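Breakdown of the fold
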Amino acid sequence: MPISIAIDGPAGAGKSTIARRVAGKLGFIYVDTGAMYRAMALFLLRKGIDPTDAEAVSGRCREAQISIAYRDGEQVVLLNGEDVTPFLRAEEVGNMASVSSANPQVRVKLVELQQSLARTENVVMDGRDIGTVVLPQADLKIYLTASVEVRANRRYLELTKKGEAAVLSEIAAEIRERDERDMTRAVSPLKQAEDAVLVDTSQMDIEQATDAILALYGQRVEEA
Ligand code: DC
């Protein structure tokens, strides 16, 4: 059975950067499940579908063929054959994904894809429900978090570095709103799995968080 490391946590905790690094160090593939939900959101946005219209989302999401591929070691997401990776990080797409990912039909489709990847590859997979729903048998589960203030500040710096206009208080409000939606939805809400290890990155940089997870993995391997 291939090895799997599940990393869950709220938006902005540094999951993707840290998960990518952990995967790189271990020679595992990195699976960014948020990007899959974002690709589905992009599909719905392009079709002009109201994300709160559950019936429309359930029906139309079947038309979206989502798959992932690796180019130069980086995950790319294909939506009906088109590489949509460059469009996925837009705020509009993230906000749509937070709403449309609550749809059970969307989740069933994408969870299947995620589980099939973990059946054949050693993976570091990040998301919201990896340790609780997608890979309950994961070899190591991490719940990666940081305070709202720290997460908002990181996002603010990321946006301003790209030359985009950003208001810190608005970003913090959006993060709170997204946390609330992700943690309280009926289907697969974000929560720490009972057997997950909590890693709070509020006072850690990327290097320290990566090393902390690698150390935890090393302990698991020794114990096995
Ligand atoms: O991690 P992210 O910001 O790229 O995720 C985008 C949205 O997708 C997020 O608001 C919640 C949702 N998501 C999810 O419901 N389940 C996952 N495993 C990953 C992401």
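Before any of the text, the structure's been laid out above.
The sections below set out a description of the structure shown in this document. All of these numbers come straight from a predicted model, not from anything done at the bench. (Residues numbered from 1 in each chain as written. Predicted model: local features only at pLDDT ≥ 70, side-chain atom pairs only at ≥ 80, totals over all residues. Heavy atoms only, no water.)

Let's shift gears to the overall build of the protein chain. Scanning the protein chain for helices and strands turns up 9 helices and 8 strands. Over its C-alpha trace the protein chain gives a radius of gyration of 17 Å, about what one expects of a compact globule, namely 17 Å for 224 residues. Principal-axis analysis of the C-alpha atoms places the extent of the protein chain at approximately 50 × 40 × 35 Å. When burial is assessed residue by residue, the protein chain has 46% of its 224 residues classed as buried. Restricting to contacts in the protein chain with at least 6 residues of sequence separation, those with at least 24 account for 74%. For the protein chain, the distance from the average site of its 27 positive side-chain charges to the average site of its 34 negative ones is 2 Å. (Helix = DSSP H or I, 4+ residues; strand = E, 2+ residues; numbered from the N terminus. Rg over C-alpha atoms; globule rule 2.2 N^0.38 Å. Buried < 20%, exposed > 50% of the residue type's maximum accessible area, 1.4 Å probe, protein only. Contact = heavy atoms within 4.5 Å. Lys, Arg positive; Asp, Glu negative; His and termini not counted. Charge placed at Lys NZ, Arg CZ, Asp CG, Glu CD.)

For the ligand, the set of nearby residues contains 16 residues, the closest of which are Arg38, Arg107, Arg128, Asp129 and Arg185. Between the ligand and Ser101 there is a distance of 3.4 Å, counted from an oxygen atom to a side-chain nitrogen or oxygen. Contacts to the ligand include Arg128, whose side-chain N or O atom sits 2.9 Å from an oxygen atom. For the ligand, whose accessible area on its own is 450 Å², the fraction buried by protein is 96%. Looking at the shell around the ligand, the elements with two or more residues in it are α2 (33-46), α4 (91-100) and α8 (168-184). With 4 residues, α2 is the single largest residue contributor to the shell around the ligand. (Near = heavy atom within 4 Å. Polar contact = N/O pair within 3.5 Å; in protein donor to acceptor, adjacent residues only side chain to side chain. Areas by Shrake-Rupley, 256 points an atom, 1.4 Å probe, with all protein chains shown as cover.)

Turning our attention to the nonpolar core. With 37 residues, the main nonpolar core has Val31, Met36, Met40, Ile66, Val77, Met125 and Leu135 as its most contacted residues. Elements with a contribution of two residues or more to this core: β2 (29-32), α2, β3 (66-71), β4 (74-79), α4, α5 (104-120), β6 (123-127) and α6 (130-134). Element by element, the count of residues in this core is highest for α2, at 9 residues. In contact with Val77, not counting residues within four places along its chain, are Ala35, Ala39, Ile66, Ser67, Ile68, Glu82, Asp83, Val84, Thr85 and Leu88. (Core = buried A, V, L, I, M, F, W, Y, C linked by side-chain atoms within 4.5 Å.)

All right, on to the sheet that holds β3 then. Taking strand neighbours across the sheet as the criterion, the 3 strands line up as β3-β4-β5 in an open arrangement whose pairing is antiparallel. Only two strands of the sheet have a single partner each, and these edge strands are β3 and β5 (82-83). Along the sheet face, α2 touches β3, β4 and β5 and points at about 30° away from the line of β4. (Pairing = 2+ DSSP bridges. Axes fitted to C-alpha atoms, helices over the stretch in contact; angles between N-to-C directions.)

A few words on the environment of Tyr30. By secondary structure assignment, the location of Tyr30 is in strand β2. For Tyr30, a relative accessible area of 7% gives the class buried. C-alpha separation for the pair Tyr30 and Ile5, spaced 25 residues apart in sequence, amounts to 9.7 Å. Setting aside residues no more than four positions away along its own chain, Tyr30 makes contact with Ser16, Ala19, Arg20, Ala23, Tyr70, Gln75, Val124 and Asp126. Polar side-chain contacts of Tyr30 include one of 3.0 Å to the side chain of Asp126.

What follows deals with the packing of aromatic side chains. Per the counting criterion, the structure on display carries 1 aromatic pair. Residues Phe28 and Tyr217 carry aromatic rings whose centres are separated by 6.1 Å and whose planes lie at 85° to one another, so their mutual orientation is edge-to-face. Linking Phe28 in the loop between α1 (15-26) and β2 with Tyr217 in helix α9 (residues 206-223), this pair joins segments that are 189 residues apart in sequence. In this pair, the class of Phe28 matches that of Tyr217, namely buried. (Phe/Tyr/Trp six-rings, centres within 6.5 Å; stacked < 30°, edge-to-face > 60°.)

Should their charged atoms come close, side chains of opposite charge can pair. In this structure the tally under the stated criterion is 15 salt bridges. Residue Lys141 is joined to Asp195 by a salt bridge in which the shortest nitrogen-to-oxygen separation is 3.1 Å. Residue Lys141 is located in strand β7 (residues 140-145), and its partner Asp195 is located in the loop between α8 and β8 (197-200); the two are separated by 54 residues in the primary sequence. Residue classification places Asp195 among the partly exposed positions, given a relative accessible area of 45%. With a shortest N-O distance of 3.4 Å, Arg176 and Glu149 are connected by a salt bridge. One end of the pair, Arg176, is in helix α8; the other, Glu149, is in helix α7 (residues 148-161), and 27 residues separate them in sequence. Residue Glu149 is classed as exposed on the basis of its relative accessible area of 52%. (Salt bridge = Lys/Arg side-chain N within 4 Å of Asp/Glu carboxyl O.)

Checked against the element boundaries, Glu174 lands in helix α8. Given a relative accessible area of 33%, Glu174 falls into the partly exposed group. With 146 residues separating them in the primary sequence, Glu174 and Phe28 have C-alpha atoms 33 Å apart. The contact partners of Glu174, leaving out residues within four places of it in the chain, are Glu91 and Asn95.

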